[in-house]
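Each chain is listed here by its residues.
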Amino acid sequence: MERTWTNARLATMAGDGLGVIEDGVVVSRDGRIAYAGPRTEAPETSGDSVDCGGRWITPGLIDCHTHLVHAGDRSGEWAMRLDGASYEEIARAGGGIVSTMRATRAASEADLVAAALPRLDALLAEGVTTIEIKSGYGLTVADELKMLRAARSLEGQRRVRVKPTLLGAHALPPEYAGRADDYVALVTDEMIPAARGLADAVDAFCEGIGFTPEQTGRVLDAARRAGLPVKLHAEQLSALHGASLAASFGALSADHLEYADEADAVAMAAAGTVAVLLPGAFYFMRETKLPPVNLFRAHRVPIAIATDCNPGTSPTTSLLLMLNMAATLFRLTVTEALRGVTVHGARALGLAEEIGTIELGKACDLAVWDISEPAELVYRIGFNPLHLRVKDGECC
Ligand code: DI6
Ligand code: FE
């Protein structure tokens, strides 16, 4: 099956910049890109032809860090916080991560899918074609697997590519209070082996309020033994060198990174580990410590941007808003921001060969935009100029 998009301006993301091709044409054959380039060199094609009316085409957007699957929400907790309640009062009222854990444990797989779909639809409406989804609110073997299955099954419900990640070491469940090492053993000895075939990667929360670097190392080691690539929540609230630890395991990405330092950047560059920045969490938590973007630039660490969609610290389902926040809050350039949700997002998921640029042989995942320049995608706040989304060569 062949389909052609004509009369378009392409931001292919090939090479180092936006990879702009004026008066461009994209041809898909059986879901893969068979041609992307100037009209003057385009091959003769059969099949449908879509006139893009001079609009811009980018690769389909990639949200490479989300906690999209979860039950319940924490808007009540947020209201309490705004009314002046302390963290302790909220915890005593049953708030915090444990409240999401309880709701998620109580939910069936079908409940989780139903709750996630409106959030997924919001992302897709903005041109997202690939999304990573973490577990981490079940915190038992059965409930973590239930979350992973729910994440994977979303692929059957919508035209989207889903990469599920096991985040068993997200928080210490209350029944393990004071026995963190026992919980880590559950993750390493039972959860990770059980998640093979369901999860595409393993993640952990390396933090003062999460797991120590030593415990995190055990989780990453178990992932390696299971043949699963790793990612890590690192340096979000304190400097523990989780990013360096992740790099020593050849991690696909280290995420958050506000407290990362030059040693972390050097280690990440050497390992090819992507820096995933999450401006929504930075904004919502009113953080002030900025991630060291200049160090990532200096050491040529690829930078990706994601929503971190989660009910506690980043209740957003807008990747376009994250583009704006990455620019306003972290001072990323237009090119950096757009590469962060395309080519570098792909790399953070181990999909650099498959998606992220508009290039010959890759999956034909595209977003067609009603914009005058690519900068408009980064400039606007709360405006969605998506004209058309294309997944594996199908318009949707
Ligand atoms: N970092 C965070 O900020 C969130 N998880 C994580 O690893 C918190 C998630 C929540 O509060 O539900
Ligand atoms: Fe997260």
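Throughout, residues of each chain are indexed from 1 in the direction in which the sequence is written. Labels are handed out in written order, letters beginning with A for the chains and numbers beginning with 1 for the ligands. It should be noted that, the model being predicted, local features are given only for residues of pLDDT at least 70 and side-chain atom pairs only at 80 or more, the latter also being counted only at that level, while totals for whole chains, interfaces and linings use all residues. Just so you know, side-chain values use all the structure's heavy atoms and leave hydrogens and water out.

Enquirer: How would you summarise the coordination of the iron ion (ligand 2) if you had to cite specific residues and measurements?
Expert: Only His-65 (NE2), His-67 (NE2), His-233 (NE2) and Asp-308 (OD) from the protein coordinate the iron ion (ligand 2), and they sit 2.1 to 2.3 Å from it. Read N to C, the donor residues that coordinate the iron ion (ligand 2) are spaced as H-x1-H-x165-H-x74-D. A single burial state applies to His-65 and to His-67, both of which are buried. Nitrogen, oxygen and sulfur within 2.8 Å of a metal are treated as its donors, or within 3.2 Å for sodium, potassium and calcium (Na, K, Ca); water is not counted, so a site can appear incomplete. Throughout, exposure labels follow a simple rule: accessible area from a 1.4 Å probe, protein chains only, divided by the maximum for the residue type, with under 20% read as buried, over 50% as exposed, and the rest as partly exposed.

Enquirer: So what about helix H5 (residues 141–157)? Which residues, and what values?
Expert: Every helix listed is a DSSP run of H or I at least four residues long, and every strand listed is a run of E at least two residues long, numbered separately from the N terminus. A helix's residues, less one, multiplied by 1.5 Å, set its expected span. Its 17 residues give H5 an end-to-end C-alpha distance of 25 Å, which sits within 8% of 24 Å, the value for a rise of 1.5 Å per residue. All of the buried residues in H5 are Val-141, Asp-143, Glu-144, Leu-145, Lys-146, Met-147, Leu-148, Ala-150, Ala-151 and Leu-154. Note on contacts: a residue pair is in contact if any heavy atoms of the two residues lie within 4.5 Å. Where H5 is buried, its residues contact helix H3 (97–106), helix H4 (109–124), strand S7 (128–134), strand S8 (161–169) and helix H6 (180–195).

Enquirer: Describe the pattern of salt bridges, with residues and values.
Expert: The rule for a salt bridge is simple: a side-chain nitrogen of Lys or Arg has to be within 4 Å of a carboxyl oxygen of Asp or Glu. Within the structure shown, the criterion is met by 28 salt bridges. The shortest N-O distance in the salt bridge between Arg-29 and Glu-2 comes to 2.9 Å. With a gap of 27 residues between them, Arg-29 in strand S2 (residues 20–29) and Glu-2 in strand S1 (residues 2–11) connect regions that are remote in the sequence. On the basis of relative accessible area, Arg-29 is assigned to the partly exposed category, the value being 43%.

Enquirer: How would you explain the site of ligand 1 if you had to name every residue and give the values?
Expert: Nearness is defined per residue: one heavy atom within 4 Å of the molecule or strand is enough. Inspection of the region around ligand 1 gives Arg-74, Ile-97, Tyr-137, His-170, Phe-205, His-233, Gln-236, Asn-310, Gly-312 and Thr-313 as its neighbouring residues. Nitrogen and oxygen atoms within 3.5 Å of one another constitute a polar contact, given that in protein one can donate a hydrogen and the other can accept it, and given that sequence-neighbouring residues count only through two side-chain atoms. A distance of 2.8 Å is found between a nitrogen atom of ligand 1 and a side-chain nitrogen or oxygen belonging to His-170. Per-residue accessibility takes into account occlusion by the displayed protein chains alone, with areas from the Shrake-Rupley method and a 1.4 Å probe. Within the complex, 94% of the 320 Å² of free accessible area of ligand 1 lies under protein. When residues are sorted by character, Ala, Val, Leu, Ile, Met, Phe, Trp, Tyr, Cys and Pro go into the nonpolar class, Asp, Glu, Lys and Arg into the charged class, and all the rest, Gly among them, into the polar class. Here the shell around ligand 1 is composed, by residue class, of 3 nonpolar, 6 polar and 1 charged.

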